[in-house]
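Take a look at the letters that make up each chain.
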Amino acid sequence: MKKVFTKPKCLKDIPFHYCPGCGHSIIHRLVAEVIDELKISDCVIGIPPAGCAVLAYNYFDIDMCEAPHGRGCAVATGFKRAQPDKIIFTYQGDGDMAAIGTAETLHAANRGERITAVFVNNAVYGMTGGQMAPTTMIEQKTTTSPFGRRSEVEGYPLLITDLIATLKGPAYVARHSLATPAKILATKKSIKKAFEVQIKGLGFSLVEVLSPCPTNWKLSAVDAYKFLESKMEKEFPIGVLKDVTKRK
Amino acid sequence: MGGKRKGIEVSLAIAEAVGQANADVIAAYPITPQTHIVEHLSELVANGELDAEFVPVESEHSAMSVCCGSAAVGARTFTSTSSQGLALMSEIFFIASSMRLPMVMALANRSLSGPLSIWNDHTDTMMVRDAGWIHVFVENGQDAYDHIFWAFRVGEDPDVLLPVAVNFDGFILTHMIEPIEYEKDETIKRYLPEFRLKNALHPDKPVSMGCFGMPEIYTEAQMSREDGVTGSYPTIIKAWEEWGELTGRQYHPIETYRADDAEYCIVTMGSYGETAMEVVDTLREEGEKVGVVKIRLWRPFPFDEFRGAVLGKKALIVIDRAISFGGPGGPVASELRSALYKKEGSPVIVNYVAGLAGRDVSRNDFRNIILEGKAKAESGDTEGFILYGLRG
């Protein structure tokens, strides 16, 4: 009988600790599949975030080094500058990348560091219990916006990926969603492209992945995926925002 | 609100105290185990129960910066953090006291990275020991609630004008539901006058803050800060006395339990004091002449009260919740040794470092520490420190 499904080689045989319906497990798998397919497990270094994915190093069977909250792209810069033949990626949430680490992220991108950032956006601070993040949508209820986010007081959702796409340093910038199997496959394709851009030395690459957080959204897993597609994708349009390989 | 006994999580009681104190500006970033405080404050603001600006900034560095800004224009200012958040704040943390800006921080003590940990010890607060803030350690939920008012009262006093950190143990207190006596809003109003910062930034009366300190003035500026922290002592004592008169709950910079006739005392800071008292009761029944000395006020350090409480004892068994790597021992024991140096009747000090990153220190552990510490003192084995419970 033909074997049609296997666990990626660079994922350890350890069950994920993530909540039911959380997108991290899927995104971990996509990153692992890409590492396997590109055959880079012997030269890849990952940087997990402070956030729900803080224990990512328990799952990936590759070199990983924890960075302080928000500092992923700065630490990645150090790795890459010292060992340019290594493939470096950060795995960061929206608290990590779009709040506390905004400066590091924008400047690494602007310098065109040859690193890849996988940016998981679930519109809340997940690990600390669902507080409002810069990515929280207008009227979205969180534990620090109990009546919903109000633009006049708390501003607007921060589309950091769009900001990064306006810079000259980045080579590949895209936003995807886990809402459907087809979109998950598109996400994987984009993550692969981001790593390939780094391998070719073209510049900074980033893939934002819109991901559900049923626990903090107070939704069932099924409803969280519906919310992802009907609400989040409206606020954060999916697509490739910048791709230097497509230039003539 | 207020005027009754309530079973409530300590973090929520702290938030409600900040509400009763009528804070004007709250700026914070979520970090475990502090988070419930600012979550509850955001609810109080959203519900209209507290008329304040709640600013959910993008990092602790910005939180402390916002606090400096709001305090500089004369707003009653509150923040809360822990561990890595405090580390990220630390640049501005030092500046706040230098600019003599009153604000209150509920500092949910948690270990610092690395290794990364979310659990309780005192490594975070020891990092900012020398930052020019007033530091108080509370022992239980009631202490925590009471000290929010005390902290605003002391820090905002025109004779003080300093930021105040209320240290309380992460998880051990933050996540504990305790019975807490709430005070009536009228009582708080009587205790806590409206904040009026004499030299607040205002276009009608311009002042410069945070100026460059050239070598000609930097030394004098630091002496002024030292005078400010040391000189806050009488106000601190008065604020405790008045709180005691209003509520019947009296606090002191150094508090003792069964220590008067004790030959050996265990010295604690924070929530460990309660377990220590339990264990001392048991040991007393067994005939051991032991007591507890609790350090409530950490900065300014109450030298006279401390010496008065311990001179004449045979030994102090000091529990530290942090290590000074490569140094003379835990930071608390190190300071106590210094405070007692060449004083007549000084007890010897046996230093234990225990309960790092939330490792449980049970009643039985306290018993072991006291009895083993006593034996070490008797045998003259008092150098350095013992890392209690170290495996392997």
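All values reported here derive from a predicted model rather than from experimental measurement.

A. A look at the overall build of chain B. Secondary structure summary: chain B contains 13 helices and 15 strands in total. For chain B, whose C-alpha radius of gyration is 21 Å, the value lies close to the compact-globule estimate of 21 Å for 392 residues. Each principal axis of the C-alpha atoms in chain B carries an extent, and together these give about 70 × 55 × 45 Å. Scored against the burial criterion, the 392 residues of chain B give a buried share of 57%.

B. Spotlight on the nonpolar core. One finds Ile14(B), Leu41(B), Phe78(B), Ile134(B), Ile148(B) and Trp150(B) to be the most contacted residues of the largest nonpolar core, which totals 53 residues. Broken down by element, the residue count for this core peaks at eight residues, all from helix 6 (residues 141-156) of chain B. Not counting residues within four places of it along the chain, the set of residues in contact with Ile14(B) comprises Ile37(B), Phe78(B), Ala106(B), Ala144(B), Ile148(B) and Phe168(B). Membership of the second largest hydrophobic core comes to 49 residues, among which are Val120(A), Val124(A), Val207(A) and Ala224(A).

C. Quick look at the domain arrangement of chain B. Residue and element names in this part refer to chain B. Per the domain assignment, the segments of chain B are domain 1 (5-247) and domain 2 (254-387). Each of domain 1 and domain 2 has a C-alpha centre, and these two points are 28 Å apart. Taken together, the 30 residues of domain 1 in the interface contact 25 residues of domain 2. Counting each side, the surface lost to burial between domain 1 and domain 2 is near 2,200 Å², with a carbon and sulfur contribution of 58%. Put simply, domain 1 and domain 2 have five salt bridges between them. Lysine 294 is the partner of glutamate 139 in a salt bridge, and the nearest nitrogen-oxygen pair spans 3.1 Å. Inspection of the region where domain 1 meets domain 2 yields 14 residue pairs in polar contact (both at pLDDT 80 or more).

D. Empty space enclosed by the protein, seen in detail. Considering all chains together, one arrives at two cavities of 30 Å³ or more under this definition. The space that makes up the largest cavity amounts to roughly 60 Å³. Residue lining of the largest cavity: Tyr125(A), Gln131(A), Met132(A), Thr144(A), Ala28(B), Tyr29(B), Pro30(B), Val38(B), Phe54(B), Pro56(B) and Val57(B), and that is the complete set. Those elements that place two or more of their residues in the lining of the largest cavity are strand 6 (131-132) of chain A together with strand 3 (53-56) of chain B. Split by residue class, the lining of the largest cavity holds nine nonpolar, two polar and no charged.

E. Inspection of the layout of surface pockets at higher detail. Each pocket or cavity is described by its volume, and for the largest pocket that value is around 840 Å³. Lining the largest pocket we find 41 residues, and of these Pro49(A), Ala50(A), Gly51(A), His69(A) and Met127(A) sit closest to its centre. Secondary-structure elements contributing two or more residues to the lining of the largest pocket are strand 3 (87-93), helix 3 (94-100) and strand 5 (124-125) of chain A together with helix 4 (83-98) of chain B. For the lining of the largest pocket, the per-class residue count stands at 21 nonpolar, 14 polar and six charged. The space that makes up the second largest pocket amounts to roughly 720 Å³. Lining the second largest pocket are 26 residues, with Ser98(B), Met99(B), Arg100(B), Gly210(B) and Cys211(B) sitting closest to its centre. Contributing elements (two or more residues each) for the lining of the second largest pocket: helix 4 and helix 8 (215-231) of chain B. Examining the composition of the lining of the second largest pocket, we find that six residues originate from one element, helix 8 of chain B, more than from any other. Class assignment of the residues belonging to the lining of the second largest pocket gives a composition of 14 nonpolar, eight polar and four charged.

F. Spatial organisation of helix 4 (residues 102-110) of chain A. All names here are of chain A. Of the residues making up helix 4, those classed as buried are Thr102, Thr105, Ala108 and Ala109. Looking straight down helix 4, one finds that the buried residues subtend no more than 145° of arc, so they occupy a single side. Contacts made by the buried residues of helix 4 are with helix 2 (72-82), helix 3, helix 6 (160-165), strand 7 (170-177) and strand 8 (204-210). Among the residues trailing helix 4, glycine 112 stands out with phi positive, at a value near 70°.

G. The arrangement of the sheet that holds strand 7 of chain A in detail. Residues and elements named next belong to chain A. One open sheet accounts for seven strands, arranged 2-1-3-4-8-7-9; its pairing is mixed. Two strands close off the open sheet at either side, each with one partner strand: strand 2 (63-64) and strand 9 (239-243). Bridging between strand 1 (residues 44-47) and strand 2 involves two bridges; their strand directions are parallel. Paired with glycine 46 across the two strands is methionine 64, which belongs to strand 2. This element, helix 2, spans strand 1, strand 3, strand 4 (116-121) and strand 8 of the sheet and lies at about 175° to strand 3.

H. Layout of the packing of helix 1 (residues 10-20) of chain B against helix 6 of chain B. Residues and elements named next belong to chain B. At their nearest, the axes of helix 1 and helix 6 sit 9 Å apart, and the two run at 20° to each other. Here helix 1 is positioned roughly parallel relative to helix 6, judged by the angle of their axes. Here helix 1 runs over helix 6; the crossing is right-handed. Facing Val10, Ala13, Ile14, Ala17, Val18 and Gln20 of helix 1, the residues of helix 6 in contact are Gly141, Ala144, Tyr145, Ile148 and Phe149. Split by residue class, the contact of helix 1 with helix 6 holds nine nonpolar, two polar and no charged.

I. Just the environment of Gly273(B), in detail. Residue and element names in this part refer to chain B. Among the structural elements, glycine 273 can be located in helix 10 (residues 272-285). Between the alpha carbons of glycine 273 and isoleucine 295 there is a distance of 9.0 Å; along the sequence they are 22 residues apart. Discounting chain neighbours no more than four positions away, the residues touching glycine 273 are Glu139, Thr268 and Lys294.

Reading the values: the criteria
- Residues numbered from 1 in each chain as written.
- Chains lettered and ligands numbered in written order.
- Predicted model: local features only at pLDDT ≥ 70, side-chain atom pairs only at ≥ 80, totals over all residues.
- Heavy atoms only, no water.
- Helix = DSSP H or I, 4+ residues; strand = E, 2+ residues; numbered from the N terminus.
- Rg over C-alpha atoms; globule rule 2.2 N^0.38 Å.
- Buried < 20%, exposed > 50% of the residue type's maximum accessible area, 1.4 Å probe, protein only.
- Core = buried A, V, L, I, M, F, W, Y, C linked by side-chain atoms within 4.5 Å.
- Contact = heavy atoms within 4.5 Å.
- Domains from an automatic or database assignment.
- Buried area = accessible area lost by both parts, 1.4 Å probe.
- Salt bridge = Lys/Arg side-chain N within 4 Å of Asp/Glu carboxyl O.
- Polar contact = N/O pair within 3.5 Å; in protein donor to acceptor, adjacent residues only side chain to side chain.
- 1 Å grid on protein atoms, 1.4 Å probe; cavity = no way out; pocket = protein on both sides within 12 Å on 5 of 7 lines; lining within 4 Å.
- Points joined across faces, edges and corners; volume = space filled by probe spheres on them.
- Nonpolar A, V, L, I, M, F, W, Y, C, P; charged D, E, K, R; others polar.
- Arc of directions from axis to C-beta.
- Pairing = 2+ DSSP bridges.
- Axes fitted to C-alpha atoms, helices over the stretch in contact; angles between N-to-C directions.
- Parallel < 35°, antiparallel > 145°, perpendicular 65-115°, else oblique.
- Left-handed = near helix turned anticlockwise from the far one by under 90°.

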